[in-house]
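This is what each chain is made of:
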Amino acid sequence: MGDFNAKVGTEKVDDIVGKHGLGIRNERGEKLIEWCQTNNIIVGNTWFQQPPRRKWTWKSPGDETRNRIDYMMIYKRHRNALLLAKTYPSADCYSDHVPVVGKFKLKLKKNSKPFTNIKFDLAILKTNQTIREKYQISVQNKFEALGDAEEVEQQWEIFKSAIMEAATEVIPKVKRKAKQKWMTEEILNLMEERRCAKGNKEKYEQIHKKVQEKCNMSKENWINEKGKEIEQQRQHAPQTMYRNIEEITGKRTFLSTGCIKAMNGDIIIDKEKILERWAEYIRELFKDDRKDHNIMKNNFAGPPIMKEEVETAIKKMKHGKATGPDNISVELIGPLKILELEKSHIF
């Protein structure tokens, strides 16, 4: 395009041009300012006070004239990122222009995908012997194929990889559950279809309308069915009737009455006395009259952990609990206690 040769001058223009410019504004400078106003851009060089030798960016042949015709421009929304802008006239670059250098402070956003745990149908390991055996054999084969390791952390990483790969291949995933009782598989599929059509506004609106209609119809049918059940349970099963009513209305009963007992057994209702009783209870709970024990100076590691101890600990662990960052649950380890994984000393 060639040189625009725009001079914006020293006169401040709104929040586009600052007062620390150089020279007299020309017609091309006016056009540049109009373009900046249209596109919400500021002329960064003009907002920092510098000596004249740090302002000019071009000199004429013979060094008769010096002007500022090179600019560092930035969008208004990012103007705080530009901390400094100046020229380096002493730079050896064999040109009639001098470098314009800016100092920026950037804060980059990391778009990371949130970690989601894979939910396996772990109950099938108890009910389906075929899948259980396949899972055991798969873990055994993958564990042996991954090789040996001396360090405990390496052993655990190898063992974890074997478990997760085998579980992914053999154990089926848990099917998605509807948050609402009246939600159907058809509605869930429509919602997924609507999500995929997010880029197409017309198609998205059509599917959204279908979802709304299906939701209203399904909810109405579910409430009607529950109403019929409540009518039938009114005489013969009042407890079940009340549970169904709570399920429809969404109201829950709370067992707490807002009062507690004092040490002598009296009921306390006053709020201040309840707080005093809680403070008294906490003091008694954490009261410790034991003498200080001598700190062990040697043998911090203790005796080596036996295989039987590990198996007993696994047996005592509760099932159905949330997994940690490794996504390995007790149900995935339990079936492996019969396997011979001696080379890793894990079992």
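Residues numbered from 1 in each chain as written. Predicted model: local features only at pLDDT ≥ 70, side-chain atom pairs only at ≥ 80, totals over all residues. Heavy atoms only, no water.

- The name an unreviewed UniProt entry gives the protein chain is RNA-directed DNA polymerase from mobile element jockey-like, with Plakobranchus ocellatus as the organism.

Concerning the pattern of salt bridges
Next, step 1: Under the defined criterion, the tally for this structure stands at seven salt bridges.
Next, step 2: Ionic pairing is found between Glu157 and Lys160, a salt bridge with its closest N-O pair at 3.5 Å. In this pair, Glu157 and Lys160 both sit in helix 4 (residues 152-170), three residues apart, roughly one turn of the helix. (Salt bridge = Lys/Arg side-chain N within 4 Å of Asp/Glu carboxyl O. Helix = DSSP H or I, 4+ residues; strand = E, 2+ residues; numbered from the N terminus.)

Some words on the environment of Ile187
Next, step 1: Within the secondary structure, Ile187 sits in helix 5 (residues 185-196).
Next, step 2: With relative accessibility at 1%, the residue Ile187 sits in the buried group.
Next, step 3: The sequence separation of Ile187 and Cys215 amounts to 28 residues, and the corresponding C-alpha distance is 7.1 Å.
Next, step 4: Filtering out sequence-adjacent residues up to four positions away, Ile187 remains in contact with Lys214, Cys215 and Ser218. (Buried < 20%, exposed > 50% of the residue type's maximum accessible area, 1.4 Å probe, protein only. Contact = heavy atoms within 4.5 Å.)

Looking at the environment of Lys55
Next, step 1: Looking at the element boundaries, Lys55 is found in the loop between strand 1 (41-43) and strand 2 (58-59).
Next, step 2: Sequence separation between Lys55 and Pro89 is 34 residues; the distance between their C-alpha atoms is 9.1 Å.
Next, step 3: Look past the residues within four positions of Lys55 in its chain and what remains in contact with it is His20, Gly21, Leu22, Gln50, Arg68 and Thr87.

As for a nonpolar patch on the surface
Next, step 1: Side chains of Trp278, Tyr281, Ile282, Leu285 and Phe286 sit close together on the surface and give an oily, nonpolar patch of about 550 Å² of accessible area.
Next, step 2: Among the structural elements, Trp278 can be located in helix 8 (residues 271-285).
Next, step 3: Taking relative accessible area as the criterion, Trp278 reaches 44% and is therefore assigned partly exposed. (Patch = residues over 30% accessible without salt bridge, like charges linked within 9 Å, V, L, I, M, F, W, Y side chains within 5 Å. Areas by Shrake-Rupley, 256 points an atom, 1.4 Å probe, with all protein chains shown as cover.)

Looking at helix 6 (residues 201-236)
Next, step 1: Here helix 6 contains 36 residues, and its C-alpha end-to-end distance of 53 Å stays within 8% of the 52 Å for a straight helix at 1.5 Å per residue.
Next, step 2: Inspection of helix 6 places Ile207, Val211, Cys215, Ser218, Trp222, Lys226, Ile230 and Gln233 among the buried residues, and these make up the whole buried set. (Expected span 1.5 Å × (residues − 1).)

Some thoughts on the packing of aromatic side chains
Next, step 1: Applying the stated criterion to the full structure yields two aromatic pairs.
Next, step 2: Between Trp156 and Phe159, the ring centres sit 6.1 Å apart and the planes meet at 55 degrees, which makes this aromatic pair tilted. You can see Trp156 and its partner Phe159 sitting in helix 4, three residues apart, about one turn around the helix.
Next, step 3: Classification of Phe159 as buried rests on a relative accessible area of 1%.
Next, step 4: A ring pair is formed by Trp278 and Tyr281, whose centres lie 5.8 Å apart and whose planes are at 85 degrees; its orientation type is edge-to-face. (Phe/Tyr/Trp six-rings, centres within 6.5 Å; stacked < 30°, edge-to-face > 60°.)

Things to note about helix 4
Next, step 1: In this model helix 4 runs 27 Å from its N-terminal to its C-terminal C-alpha over 19 residues, within 8% of the 27 Å that 1.5 Å per residue would give.
Next, step 2: Taken together, the buried positions of helix 4 are Gln155, Ile158, Phe159, Lys160, Ala162, Ile163, Met164, Ala166, Ala167 and Val170.

As for the side chain of Glu331
Next, step 1: Examined against the element boundaries, Glu331 turns out to sit in helix 10 (residues 330-333).
Next, step 2: The buried charged residue Glu331 lacks any salt bridge partner; its closest oppositely charged side chain belongs to Lys126, at an N-O distance of 6.4 Å.
Next, step 3: Excluding residues within four positions of it along the chain, Glu331 makes contact with Leu122, Leu125, His319 and Gly320. (Lys, Arg positive; Asp, Glu negative; His and termini not counted.)

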